Every structure is written in structure tokens, then in C-alpha cells.
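So the chains spell out like this:
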Amino acid sequence: SWSRWREGGVGMAAAAPEPDDRGDRRQRTAALLNAYYGIDAAESKQQQQQQQPPTSCDTVAGNVLDSQDFDAQGHFDTVIGCASVAEVLVHANAIDADVRDLDGDMQMVVHENYSKFIRSMDVQRQMRESLEGLEPDLRSIGSGFTRIAEHQRNVEGATASRASKVADLLTQQKLCKKLQVLFDLPTTLQRCLERGAYSRAVQAYSCCAGTLREHKHIDSLRVVLQDAEQQMGRIRSALELRLGSEKLSGEEAVQSAVTLLDVGCNAAFVAERFLEGRAEASRSCLHACFDDETQAGAIAKPEVSDPAAPEAACKVESPSTTLASAALHDACDRIATKWVPGLHQTATGFLQIAADHESVDEKLLLAFTTLEVQELRSHLTHLIKVKCPPAETLVSSISTVSKSLQLLPAAGQFLGSFLGNIVRAATAAVRSNAVDLMARELIQLHTRCISGSFRLTEGLSEELTRTESALAGQAEVAVNACRGLAALTAGDVEASQYLATGIQDLLASIAFAFARITWDCIGREPLHDVAPSLPACGGNIVSATALAKVEWNDDFGLACVWLGRRWDERISHRARSTAAAPSGGDGRGPPVEVSAEAVAKHAQASQQATEALLAHCTIVCGQRLAHRFCNALAASDMGAGALDTEPEGPSPVVEEVIREASVFDTQLARILNDSRKPRSGNHRRGTFSFQKSAMELDLERMMARKLQAFAPVPLTRGGAVASVLRIGFKAFYEYARERTFDKRSLWQLQLDAALLAELARDFVDTEDASGLAGLLAEAVASGANRCTQGGVLALLTAEAAEQRCEAWRKNIRLD
């Protein structure tokens with residue numbers, strides 16, 4: 001059966017090449033379409049075969065169906081011989097599908113071309129009909145053109161004889177008009193001068209001057225030339241004056257400069273005059289950018305009617321942050337939109353003037369731009385100093401200005417210095433504001449101390465802790481504000497160095513703030529080894545005047561001593577830690593560290609200021625005791641009837657002095673955290689150490705006379721109380737030397753001195769107690785030498801004096 005099927009297939013293949021008439025017609029049609037449209041059946045079929053998965057029959061067949069040398073019989077034999085029945089059937093079905101596709105494509109192409117052909121025939125028929133309808137109109141137009149040509153020939157024939165005369169007259173008329181323009185040149189120039197149309201005047205002169213000079217041998221034209229040159233001299237003077245005016249716009253100034261160059265002025269002179277006028281205009285514009293801020297309340301330094309009144313000082317508040325931000329933002333906006341474009345226009349105009357003029361030095365432009373930017377920097381630094389805006393507003397506003405300045409020629413030569421100085425001014429403003437805020441915080445502390453609401457109570461510790469926390473927070477905020485300025489200095493080495501220096505200065509100001517405020521508060525000059533390092537206390541009158549003139553208060557002084565002992569550890573150290581902290585991508589600049597030497601100076605300044613403040617406290621308290629002793633000695637005269645009467649008790653001044661010393665001791669114990677230890681039983685010795693020999697007593701008295709009342713005060717409770725008592729007892733001794741005593745007043749002096757010496761031992765150590773006792777003993781000896789009733793012999797015996805002191809001591813109340 002396979003052989004019969006194969007023979008039948010071969011027969012069919014052999015009979016296939018004999019096509020009928022319909023097949024021939026299709027082949028001819030496909031050939032014509034292929035030739036007309038460039039259809040490449042082979043390429044199209046090959047693309048379809050690439051898209052379809054290849055069959056085994058296609059792999060076995062050696063010939064390609066779409067090739068020009070296709071052998072149908074050979075292809076058939078190959079497929080039948082090499083492929084299976086299923087593959088042959090698949091191949092046959094594929095070929096039938098391709099034939100059907102080609103037949104459909106051919107029919108579609110024929111239909112489309114037939115439709116196009118029909119439409120083209122319709123268009124041709126319509127055009128032919130339209131042209132036939134236009135034929136009468138075309139004939140009418142042709143006859144019209146013929147008549148026009150005839151009339152033209154008639155007109156030319158009639159005017160040909162006069163044409164030459166008309167041409168000659170027209171030529172003469174043009175020459176007369178030119179002469180009229182030449183003769184009217186002085187009048188034209190005068191009219192332009194009056195109207196300020198200098199460019200038109202120069203243009204008119206330039207057009208006529210050449211002709212006038214060429215024919216100046218003619219008298220009339222020579223006169224016209226002289227008048228014109230005289231008018232041009234006036235125009236040149238007016239242009240020079242106008243070029244230096246600040247009211248002239250940038251375009252008008254450039255036009256005036258170019259006009260002067262056209263007149264023949266020296267280019268270097270024109271360039272210098274142009275820059276002078278533009279400098280005045282730039283300054284006027286710059287002042288206008290900041291005038292609104294001045295009128296709107298550029299904050300002047302606040303004035304306090306009574307700087308010594310703490311209530312008035314506390315009411316002085318810092319500039320509003322919102323107003324400061326708006327002021328700087330508006331000013332920088334006007335600078336970027338008005339002032340900088342004018343500067344850029346000036347630079348463009350100068351380059352236009354300098355073009356093709358080698359005599360103009362282009363360095364003049366750089367000098368001009370640098371001076372104007374310096375003027376801008378001065379205004380901005382003043383505004384920043386007065387307003388002290390937030391760092392975020394400062395960065396955004398100055399960035400706007402710096403971006404606009406980058407458009408100026410050679411901006412790189414002055415932009416770094418500009419940003420650096422702005423950063424320096426900003427850090428200085430932050431530094432001044434921070435110190436002023438710290439001073440204001442101390443003013444508030446002084447007000448509370450004056451009110452006495454927490455005197456010797458736990459409220460004092462709470463208030464001091466709150467004040468310390470507020471001061472540390474203000475220091476941290478100031479450092480963060482300065483570090484936030486790093487966005488301005490990004491990529492600029494010079495500005496970054498300015499910022500690092502400003503932060504270091506801020507840390508120094510914070511560290512030295514307590515020392516500076518302390519020295520101002522006590523009204524003394526700093527020590528020589530500290531004074532060069534102390535910065536100014538800020539620009540606010542609160543810190544500069546009010547704090548220096550406030551009423552002294554012991555509680556406030558001791559509270560400042562408490563703050564001073566902790567200033568470097570709790571406030572300065574926190575500020576330094578904030579400055580040295582890594583940025584962490586939060587927009588802050590690189591960390592800034594302080595050298596160990598600088599830290600040591602900071603601590604030393606705070607220590608010395610604290611010691612000076614404590615010494616001032618002791619001086620104030622000691623002078624109060626001295627005043628009490630003076631009044632007590634002045635009131636010791638009891639009259640003649642009481643000369644032989646022994647004193648019934650100690651003078652009131654003894655209890656007052658010891659009570660005040662006890663209060664001061666209690667305050668110091670709380671402030672310095674140095675409580676007084678109870679005295680042991682064997683600590684007490686006899687009054688004035690009667691067991692000592694006369695030589696020892698004389699030696700103690702001699703040492704007491706040389707004792708310095710205002711010796712340095714250590715930061716200890718006992719040392720401070722000893723300093724207070726030493727000042728009071730020294731004054732007691734000096735007042736006793738100036739008086740004359742009777743027997744009774746001498747006994748009173750002896751007993752008061754003995755009781756004071758005994759009570760003072762409860763507050764000071766042994767060495768200080770010995771010095772104080774020596775001062776009191778010297779006071780008694782001086783009084784005895786000035787006693788009019790027996791001198792030294794009038795003194796009570798040691799036993800009697802000691803018995804009375806023991807009895808009186810039990811009645812002394814210190815609460």
C-alpha cells in the first residue's frame with residue numbers, strides 16, 4: 001500500500017506543474033503586484049518560518065520553497081523519502097495554509113488598488129468639468145490684461161518727454177534736504193540737549209560731522225560745524241554729570257557711557273565715572289533694602305530707666321524670633337531680586353565699555369564688586385547682630401544671597417570671604433545673645449533672692465538647680481545654633497575655618513561668662529592672668545549695666561558661689577560636649593573640640609571668679625560687723641554714776657555679731673556642702689589662754705597686729721567665716737584704739753572680747769580661732785592703755801572674767 005501511495009503521489013506531483021487558466025492568471029497577477037509594489041515573497045515567507053517552530057520536513061528538505069531555483073519534484077521526493085506520514089501531512093497542511101494566505105493577500109491588494117484607481121478617475125473627471133466651466137472667465141481676464149498694457153504704453157508715451165526733468169528736480173530736492181539737515185544740526189543738537197536725548201544727538205552729529213569737516217572751507221558750513229561742536233561740548237558735560245548720578249537706571253547708565261565713547265571721551269575716564277555712579281546707585285539700593293527693617297523696628301539696645309532695679313531689668317526681653325526671621329528674610333529677598341541684578345548689570349555694562357579699549361583696566365570691576373559686597377556684608381552683619389535670627393532662617397536667607405552673588409564675575413575671589421564674615425557675625429551674635437540670656441537668668445535669680453522666698457530653705461537648692469539647668473540649656477542651644485550654620489560653609493574652606501573659630505569663641509564665652517559677670521557684679525577688675533581671656537559680656541544693657549548695678553544681696557552672692565563651683569563641670573562641659581558630638585547627618589557641621597589647655601583656663605577663670613565672689617561676700621558681711629562694733633563702742637558711755645558698777649551682761653552687739661556669723665555659717669554650709677562639725681569637750685580652753693606666759697601673749701598680740709583683714713578667702717566654710725570675723729574684729733580693734741575708756745567701759749570691753757573669742761571657736765578651726773583671739777586681746781590691751789582709771793590694773797582678773805563669760809554664754813540665743 002505504501003508503494004501504491006507513493007506512486008500515486010509521484011503521479012500527482014508530476015501532474016501538478018500543469019496549471020489551469022485560473023492558476024496562470026493568479027501567478028501573472030502576483031508577478032505584476034510584486035513588480036509594482038516591491039513585494040518580496042521570499043523574505044516574507046522566511047520571516048514567517050522564523051516565527052514558527054521548524055518541522056522535521058523543513059530540516060530534511062534541501063531546497064527552500066521560496067527560493068527561485070525551487071524544484072517541486074525534488075522537494076516532494078525528499079519529503080516523502082525522509083519524513084513520516086504524520087510529518088508529511090503536517091507539511092502539506094502548512095503549504096495549503098500558506099497558499100490560502102497568499103491568495104487572500106493578493107485579493108486584498110487588488111481590491112485596495114482598484115478602489116484607489118476608481119477614486120483617481122473620479123477626481124480627474126471633476127477637474128476636467130471644473131476647467132471647462134472656467135474658460136469664459138479666463139478669456140475675460142486675458143482681454144483685461146491686454147487693455148492694461150495698451151493704457152500703460154499710452155501713459156509712457158505721454159510722460160517720456162518730462163521724465164528726465166522730474167528726475168533732475170528730485171535729485172536737487174534731495175540735495176537741498178541734506179543741506180537743510182546740515183544747517184539745522186546746531187538747532188537739532190540744542191533740542192536734544194534740552195530733552196535729554198543724548199544718543200539721538202550723538203547719532204545726528206556723527207552723521208553730519210564728516211560732511212561738515214570735508215567742506216569746512218565753505219564759510220557757512222564752517223560756522224555750522226563750530227556751533228555743532230560747541231553744542232556737543234555741552235552734551236558731553238551733561239553726559240559726564242548724568243553718568244555719575246545715582247538716580248540713573250542701569251540701562252541708561254550703560255547707554256550714557258556708550259554715548260560718551262561715541263563722542264570721543266577717554267575710555268578709562270568713562271569706565272571710572274561709570275563705576276562711581278553705579279557705586280552710588282548700588283548703595284542707595286542697598287540702603288533701601290534695609291531701610292524698611294530699620295523703620296519697622298530694627299531693635300536698638302533697650303534702655304532701662306533705673307538699671308539698678310532688677311524688676312525693670314527683667315522686663316527687657318530679647319527680640320522676637322518671628323520678627324527677626326521676617327526681617328532678615330525680607331532683606332535678603334530684596335537683595336537677591338533688586339540689588340544683585342543691578343550689580344550684575346553694572347558688570348555687564350563695564351565689560352561692554354571695556355570691549356576693544358585696552359586703556360580700561362578690568363581690575364577696576366573686581367575692586368568695585370569687592371567694595372560693594374563688603375558694604376552688603378556690613379549691613380547684613382549689623383542686622384544679624386541686632387536681630388540675632390535663628391540659624392535655619394539665617395542659612396536659607398544667606399544661601400539665597402550667595403547663589404545670586406555667584407552670577408557676578410570673579411565671584412570666587414570674594415564669596416568665601418563674604419560667607420566667612422557672615423558666619424563670624426552670626427556666631428558673634430549667638431555668643432552675645434547667649435551671654436545676655438545667662439545674665440538675664442542671673443537677674444531673675446537676684447529678684448527671687450531679694451524677695452527672700454527661699455531663704456535658708458530647701459527652695460534655695462531647687463531654685464539653684466533650676467537656674468543651673470536653664471543656663472546649661474541656653475549654652476547647648478547656642479552651640480547647636482552655631483553648628484547649624486555649617487550649611488552655609490559647605491565646600492568653602494575659608495568660611496569653614498571662620499565657623500570653627502566662631503564656635504570655639506562661643507565655647508570660651510560660655511566658659512568665661514560666669515567670670516565676666518561675676519567681676520562686673522562685684523565691681524572689680526579681673527586678675528591679670530585671667531583678664532586677657534575674658535570676652536565682653538554681650539551687647540545687651542541687661543548684662544552690661546543692670547547686673548553690675550543691682551543691689552547686693554547675701555543670698556544672691558552665695559547662690560552665685562554655688563553656681564561658680566559647678567559652672568565648668570555642669571555648664572561649660574555640656575557646651576563642649578555638644579560641640580564635639582558627631583553631626584549624625586542632621587545638618588550640623590563637623591565636631592569642634594577644645595584643647596586641654598583652653599579647658600584648664602576655663603576652669604581656672606571660674607575658680608578665681610568664685611573665690612573673688614566669696615571674698616566679696618565676706619567683705620560685705622565683715623563690714624556690717626564692723627559697723628555694728630562702731631555703733632556699740634559709741635554707745636558704751638553709761639554716765640558718771642555707773643563708773644564702779646560691773647556690767648550685768650554682754651553688750652547687745654555680741655549677740656548680734658554671733659547671730660549674724662551663725663546665719664552666714666549656715667548659708668555657707670548649704671552652699672558649699674561643708675557642714676560644721678560639733679566641737680569636742682576638750683576643745684575649749686580658758687579665755688585668752690591664761691595658761692600662756694606673758695611672752696607668748698605678747699607674741700600673739702604682735703602677730704594679730706600684722707594680721708591682714710582682707711586676706712584671700714578659701715572656698716571652705718570655716719575659712720569664709722573666719723574672714724568675716726577677722727574683718728569685724730580688726731575693725732573692733734581699730735575703733736578701740738581711737739577711744740578713751742573708763743573702768744566700767746573697759747570691763748565691758750574685756751568681757752565682750754572674751755565672750756566673742758570663746759563663741760568664735762564654734763565656727764572656725766583652731767589656728768583661725770587663735771588669730772581672732774589675738775585681735776580681740778589686742779583690742780582689750782589698747783583699751784586698757786587708754787583707760788583713765790588705772791590703766792591695765794583696772795582689768796578684771798582672769799578668773800572673774802571667765803566666770804562671767806561662762807554665765808553669759810548660756811544666755812546667748814542664736815536662733
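Because the structure is predicted, anything quoted here is derived from the model rather than measured.

On to the packing of helix H10 (residues 219–243) against helix H11 (residues 250–263), then. Closest axis-to-axis distance for the H10/H11 pair is 10 Å, and the angle between their directions is 145°. For the element pair H10 and H11, the recorded crossing hand is left-handed. Contact residues: Met232, Arg236, Leu239, Glu240, Arg242 and Leu243 in H10; Glu252, Ala253, Ser256, Ala257, Thr259, Leu260 and Val263 in H11.

Okay, unusual backbone geometry next. Residues apart from glycine generally show negative phi values, whereas peptide bonds are mostly found in trans. Phi at Ala410 takes a positive value of approximately 55°, unusual for a residue other than glycine. Its location among the elements puts Ala410 in the loop between helix H16 (391–405) and helix H17 (415–451).

Let us now look at the confidence of the model for the chain. This prediction gives the chain a mean pLDDT of 76; 78% of its residues lie at or above 70. Mean pLDDT per element in the chain: helix H13 (residues 310–314) is the minimum at 37, and helix H22 (residues 554–580) is the maximum at 89. The low-confidence segment residues 1–19 (pLDDT under 50) makes 13 contacts with residues lying over four places distant or belonging to another chain. Predicted confidence is poor over residues 59–63, with pLDDT under 50, and the contacts of this stretch with residues over four places away or in other chains come to seven contacts.

If you look at the biggest cluster of nonpolar residues, it comprises 177 residues, and the most contacted ones within it are Ile335, Leu376, Leu380, Leu405 and Phe418. Non-local contacts of Leu405, meaning those with residues more than four positions away in its chain, are made with Trp339, Val340, Val373, Leu376, Ala411, Leu415 and Phe418.

Turning our eyes to something else, we now look at the side chain of Ser606. For Ser606, the location among the structural elements is in helix H23 (residues 596–634). Classification of Ser606 by relative accessible area gives buried; the value is 2%. Each residue touching Ser606, except ones within four places of it in the same chain, is listed here: Ala511, Phe514, Gly564 and Trp567.

Counted by the stated rule, this structure contains 23 salt bridges. One salt bridge in this structure joins Glu276 and Arg273, with 3.3 Å as the shortest N-O distance. With Glu276 and Arg273 both in helix H12 (residues 267–295) and three residues apart, this pair spans about one turn of that helix. On the basis of relative accessibility, which here comes to 45%, the residue Glu276 falls in the partly exposed class. Take Arg273: its relative accessible area is 24%, and that puts it in the partly exposed class. In this structure, Asp665 and Arg717 form a salt bridge, with 2.5 Å as the shortest nitrogen-oxygen distance.

The rules behind these values
- Per chain, the residues get numbers from 1 upward, laid out in the order the sequence is written.
- Side-chain atom pairs in this predicted model are given and counted only at pLDDT of 80 or more, local residue features only at pLDDT of at least 70, and totals for whole chains, interfaces and linings cover all residues.
- Where side-chain values are given, they derive from all heavy atoms of the structure, hydrogens and water being excluded.
- In this analysis an axis means a line fitted to C-alpha atoms, helices contributing only their contacting stretch, and an angle means the value between N-to-C directions, from 0 to 180 degrees.
- In DSSP terms, a helix is any run of H or I states spanning at least four residues, a strand is any run of E spanning at least two, and both are numbered starting from the N terminus.
- Whether a crossing is left-handed or right-handed is set by the direction in which the near helix is turned from the far one by less than a right angle, anticlockwise for left-handed and clockwise for right-handed.
- Should any heavy atoms of two residues lie within 4.5 Å, those residues are considered in contact.
- The pLDDT value tells you how sure the predictor is about a given residue, anywhere from 0 up to 100.
- Joining through side-chain atoms within 4.5 Å is the link that ties buried Ala, Val, Leu, Ile, Met, Phe, Trp, Tyr and Cys residues into a set, and such a set is a nonpolar core.
- We call a residue buried when its accessible area falls under 20% of the maximum for its residue type, exposed when it is over 50%, and partly exposed in between, using a 1.4 Å probe and counting protein chains only.
- For this document, the term salt bridge refers to a Lys or Arg side-chain nitrogen within 4 Å of an Asp or Glu carboxyl oxygen.

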